[in-house]
Structures are given as structure tokens and as C-alpha cells.
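Here are the chains, one letter per residue:
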Amino acid sequence: RATVVNCALMFPAAVILAWYAEPLVIKVFGANYRPAIPILQIYGFVMVRACFDFSPLLRAINRTRPIVTGNLAAVIAAGLSLVFLLPVAGVVGAIISVVISNFVEAVYLGWSACRLYEVSVAQIVPWGAVTKVAFCALAAAALVFGASRGLHVGLIGVVIGSAAYLAVFVALLLATRVQEAAAIIRRVLSSISIALPSGRS
């Protein structure tokens, strides 16, 4: 369930970051930083990978060697991909190497957890709920960002567009009955009610 919660929080953040990378970079840092736009967009994949953390499963049974091996595999994957991608794509190739190394580590740790717990991949991650979250994130992007495609967007437009996207995303989560989404909303509303003044002296 923690994985689903992570996905519900990080998937929309990655989509917003990828879609609004250009106005964010240009407006905040200036036109000279335009080459950083694809780097910011590709980094969204790192955010997606961060949703799947298998390390606690390994630490729970005091089997931490796969974590060390996974880090080594990630370093090797990053080094090998840099050799091929850096001369071709430059800095963009470097961030792609980061993405590759992160996913290599995730795959290895997931495989190790499945092997040690003697379960299948389908049992270790709630793929049905994760798929629903991914669908809602992409569908909301198609609805909201598709309608505003081609419009000049400033920082205010980024805020308005992001708010509209999140509203549609949450509505789709509730419509598809993702249980973890309802729990997140209840917690957020509870936190807001606690933060707001009660009006009593």
C-alpha cells in the first residue's frame, strides 16, 4: 500500500514536471538554461522509480547484501551507459545514464526480494492499483494539458494548469476506486482542519 501511496504522490509530480519543464526553466533561470529542459523532463523517470523501494523488505529480514550488490550493479550500469551515451547525447546522455542505473538497481532489488521471500513479482507489488494510478496520471494529462496545448504558459499558467491537473487526477483516482487515494485525501483534509484556526478564544 505504501508503494501505491508513493505512486499517487510522485506520478502526477513527474507528469507536471515533464509538461511544464520549459516555462519553469525559462522563467526561473532564463533562456540560457534552455538545454536543461530535457534533463528536467527525463528526471521524471527517476521520480517514478523512487516509488518502488524494496530495501525495507530486505532490511526487515536482515538481508542487506543485495542492497550493496544492487548499488554496485547501478554504478556499473551507469558507467557502461555513460561510455555510449555521453559522446552521443552529452549532458542528456548523462541523465539517461542516471535513469538506467536507478532502474537496474530497482529491478535487482525487486528480484532479490522476490527470491528471498519466495513470492512472485505480482505478489510483491500491487500492480493493479499501480496501473490504475498510472492510467489516472496519463488520462488527466491528456484531458487538461491536451486542452491547453499550444498556449503560451507563464508561471501563473503553470500554477493554474497544475491545480487543474491535480483536481482531475484526484477525481479519476476516486472514480477508479483506488483505496489509498481516499486515505490520502482524508489525511490531507484532517491536516488542513487541524492547521486552520478554530475560531475559539
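Sequence positions are assigned chain by chain, starting from 1 and proceeding in written order. Under the rules for a predicted model, residues below a pLDDT of 70 receive no local features and side-chain atom pairs below 80 are neither given nor counted, while totals for whole chains, interfaces and linings still include all residues. In computing side-chain values, all of the structure's heavy atoms are included and hydrogens and water are not.

Could you clarify how one ought to interpret the overall build of the protein chain in this entry?
Counting from the N terminus, the helices are DSSP H or I runs at least four residues long and the strands are E runs at least two residues long. Helix and strand counts for the protein chain come out as 10 helices and zero strands. Counting from the amino terminus, helix and strand elements in the protein chain follow one another as α-α-α-α-α-α-α-α-α-α. On the principal axes, the C-alpha backbone points of the protein chain span a range of 55 × 45 × 35 Å. Note on exposure labels: buried denotes an accessible area under 20% of the residue type's maximum, exposed denotes more than 50%, and partly exposed covers the range between, all computed with a 1.4 Å probe on protein chains only. Taken across its 201 residues, the protein chain has 33% of its residues classed as buried. Contacts are assigned to residue pairs that have any heavy atoms within 4.5 Å of one another. Long-range contacts, defined as pairs at least 24 residues apart, comprise 75% of the intrachain contacts of the protein chain with a sequence gap of at least 6. The accessible surface values rely on the Shrake-Rupley method and a 1.4 Å probe; as for residues, cover is taken only from the protein chains in view. By element, 69% of the accessible surface of the protein chain is carried by carbon and sulfur atoms, the whole surface being about 12200 Å². Charge counting follows a simple rule: Lys and Arg are positive, Asp and Glu are negative, and His as well as the terminal groups are ignored. A charge is said to be at NZ when it belongs to Lys, at CZ for Arg, at CG for Asp and at CD for Glu. Across the protein chain, 14 positive and 5 negative side-chain charges occur, with their mean positions spaced 7 Å apart.

What's the story with the side chain of Ser162 in this structure? I'm lost.
Tracing the backbone shows Ser162 in helix α9 (residues 155–175). Residue Ser162 is classed as buried on the basis of its relative accessible area, which comes to 12%. Each polar contact in these results corresponds to two N or O atoms within 3.5 Å; when the atoms are within protein, one needs to be able to donate a hydrogen and the other to accept it, and residues that are neighboring in sequence are counted only if both atoms are side-chain atoms. Reaching out from Ser162, the side chain makes a polar contact with the backbone oxygen of Val158 at a distance of 2.7 Å. Setting aside its immediate chain neighbours within four residues, Ser162 contacts Ile16 and Tyr20.

Would you take a moment to explain the nonpolar core for this structure?
Generally speaking, a soluble globular protein has its nonpolar side chains buried in company with each other. Among buried residues, the Ala, Val, Leu, Ile, Met, Phe, Trp, Tyr and Cys ones that are joined through side-chain atoms within 4.5 Å form a nonpolar core. Core analysis: the largest hydrophobic core is formed by 32 residues, its most contacted members being Val133, Phe145, Tyr165, Phe169 and Leu173. Elements supplying a minimum of two residues to this core: α1 (2–19), α6 (91–117), α8 (127–147) and α9. In contact with Phe145, other than residues within four places in its own chain, are Val15, Ile16, Trp19, Tyr20, Ala140, Gly161 and Tyr165.

Just checking my understanding: could you explain α6 for this structure?
One turn of the α-helix equals 3.6 residues, which is why residues spaced by three or four share an orientation. A helix is expected to span 1.5 Å for every residue after the first. End to end, α6 covers 39 Å across 27 residues, agreeing with the expected 39 Å (1.5 Å per residue, within 8%). Remark: Glu118 follows α6 within two positions and exhibits a positive phi of approximately 55°.

Teacher, can you tell me more about helix α2 (residues 21–29) here?
Where α2 is concerned, the buried positions are Ala21, Pro23 and Val25. Tucked inside the fold, the buried residues of α2 contact α1, α3 (36–49) and α9. Phi turns positive, to about 105°, at Gly30, one or two residues after α2.

I would appreciate a short explanation of the state of the cysteines in the present structure.
Structurally, a disulfide amounts to a covalent bond that connects the sulfur atoms of two cysteines. Throughout, a disulfide means two cysteine sulfur atoms within 2.5 Å of one another. What the rule picks out here adds up to zero disulfides. Unpaired in terms of disulfides, Cys7 finds its nearest cysteine sulfur in Cys51, a separation of 4.1 Å. Not part of a disulfide, Cys114 finds its nearest cysteine sulfur in Cys7, a span of 16 Å.

What's the story with the packing of α1 against α3 in this structure? I'm lost.
Angle between the axes and distance between the axes are the two parameters that describe a pair of packed helices. A fitted line through C-alpha atoms serves as each axis, taken over the contacting stretch for helices, and the angle formed by two N-to-C directions is quoted from 0 to 180°. It is the contact of α1 with α3, at a shortest axis distance of 8 Å, that shows an interaxial angle of 175°. Here α1 is positioned roughly antiparallel relative to α3, judged by the angle of their axes. Residues Met10, Phe11, Ala13, Ala14, Leu17 and Ala18 of α1 pack against Leu40, Gln41, Gly44, Met47 and Val48 of α3. In this classification, the charged set is Asp, Glu, Lys and Arg, the nonpolar set is Ala, Val, Leu, Ile, Met, Phe, Trp, Tyr, Cys and Pro, and all remaining amino acids, among them Gly, are polar. Across the contact of α1 with α3, the residue classes break down as nine nonpolar, two polar and no charged. Roughly parallel means an angle under 35 degrees; roughly antiparallel, over 145; roughly perpendicular, 65 to 115; everything else is oblique.

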